[in-house]
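One letter stands for each residue in the lines below.
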Amino acid sequence: MRAAGRWLRRWYGASPLHLLALLAALALGGYAAAAVVAAGPWRGFAVWFAVAIVGHDLLLFPLYSLADLSARRLLPGWAGGIRERSRAGGKGVQTAGRVAPPVVNYLRVPAAFSLLVLIVWFPLILGLSAGTYHRASGLSASPYLGRWLALTGAMFAGSAACYAWALRRAGRRAGRAG
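Quick notes on the rules
Residues numbered from 1 in each chain as written. Predicted model: local features only at pLDDT ≥ 70, side-chain atom pairs only at ≥ 80, totals over all residues. Heavy atoms only, no water. Phe/Tyr/Trp six-rings, centres within 6.5 Å; stacked < 30°, edge-to-face > 60°. Helix = DSSP H or I, 4+ residues; strand = E, 2+ residues; numbered from the N terminus. Buried < 20%, exposed > 50% of the residue type's maximum accessible area, 1.4 Å probe, protein only. pLDDT = per-residue confidence, 0-100. Contact = heavy atoms within 4.5 Å. Core = buried A, V, L, I, M, F, W, Y, C linked by side-chain atoms within 4.5 Å. Polar contact = N/O pair within 3.5 Å; in protein donor to acceptor, adjacent residues only side chain to side chain.

Enquirer: Help me out: how do you make sense of the packing of aromatic side chains in this one?
Expert: We describe a pair of aromatic rings using the distance from one ring centre to the other and the angle between the two ring planes. With the rule as written, the count across this model stands at seven aromatic pairs. Ring centres of Phe-61 and Tyr-64 lie 5.6 Å apart, and the angle between their planes is 85 degrees; on these two criteria the pair is classed as edge-to-face. On the criterion of helical spacing, the pair formed by Phe-61 and Tyr-64 is a turn pair, its members being three residues apart in helix α3 (residues 42-74). Overall, the relative accessible area of 43% leaves Phe-61 in the partly exposed class.

Written out as C-alpha cells, the structure reads:
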C-alpha cells in the first residue's frame, strides 16, 4: 500500500488526499454546471460568468495587485517579516533580534473579505437599489453601509489581534532560541 502511495505521489506530484479533494471539487463543479443547464437560464449564467472572468482579470486583478504592491512598499521592513534591520543598516537582513511574521498577510485577508462583501452587496451598501429593496422587502437599505463598515472594522481588529498574538509567539521563540 505504501509503494502505491509513493508511486501516486511521484506520478501526481501531491498526496492522494489532494487528488481526492481535487476530484471532489471537480465533481461539485460539474454538478453545479449540470444544475444550471437543467434549470433553463444557462445563457444568462454563461454571460454573467464570462463578464465576471473578464472583469476580474482585466479590472480587479490589476487593482488589487497594485494595492498589494503599494502595501509592501509602504511597509518594507514589516512586509517581508523582518522586525529589525542589521546593525550595518541594510534592508532585508535577518538580525539576532526577533523576526516578526509578515504584516502584509494580516492586511490582505480582512481587506480581501471586506472587498468581497462590498462586491456582493454594493447596490445595497451604496444605496443604489434602496427603492427596489424597499418595494420587495418592506425594509430600508440604510443599515447596510454601517453594517459593512462594522464588519470591516471587526475583521481588521481580529486580524490585528492575530498579528499581536503572532508577534508574541515570535518573541517567545526568539527568547528561547537566544
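Enquirer: Could you clarify how one ought to interpret the confidence of the model for the protein in this entry?
Expert: Predicted coordinates in regions of low pLDDT should not be interpreted in detail. Summarising the model, the protein shows a mean pLDDT of 83, and 85% of its residues fall at 70 or more. Note that pLDDT drops below 50 for residues 81-96; the model gives that stretch 25 contacts with residues more than four away or on any other chain.

Enquirer: For this particular structure, what's the right way to read the nonpolar core?
Expert: Leu-124, Ile-125, Ala-141, Tyr-144 and Trp-148 together form the largest nonpolar core, which totals five residues. Listed by contribution, the elements that provide at least two residues to this core are α5 (103-125) and α7 (143-177).

Enquirer: Can you help me understand the side chain of Ser-114 in this one?
Expert: Mapped onto the secondary structure, Ser-114 falls in helix α5. Under the relative-accessibility criterion, Ser-114 is labelled buried at 6%. Here the side chain of Ser-114 touches Thr-152 through a polar contact of 2.8 Å, side chain to side chain. Those residues in contact with Ser-114 that sit more than four places away from it in its chain are Trp-148, Thr-152 and Met-155.

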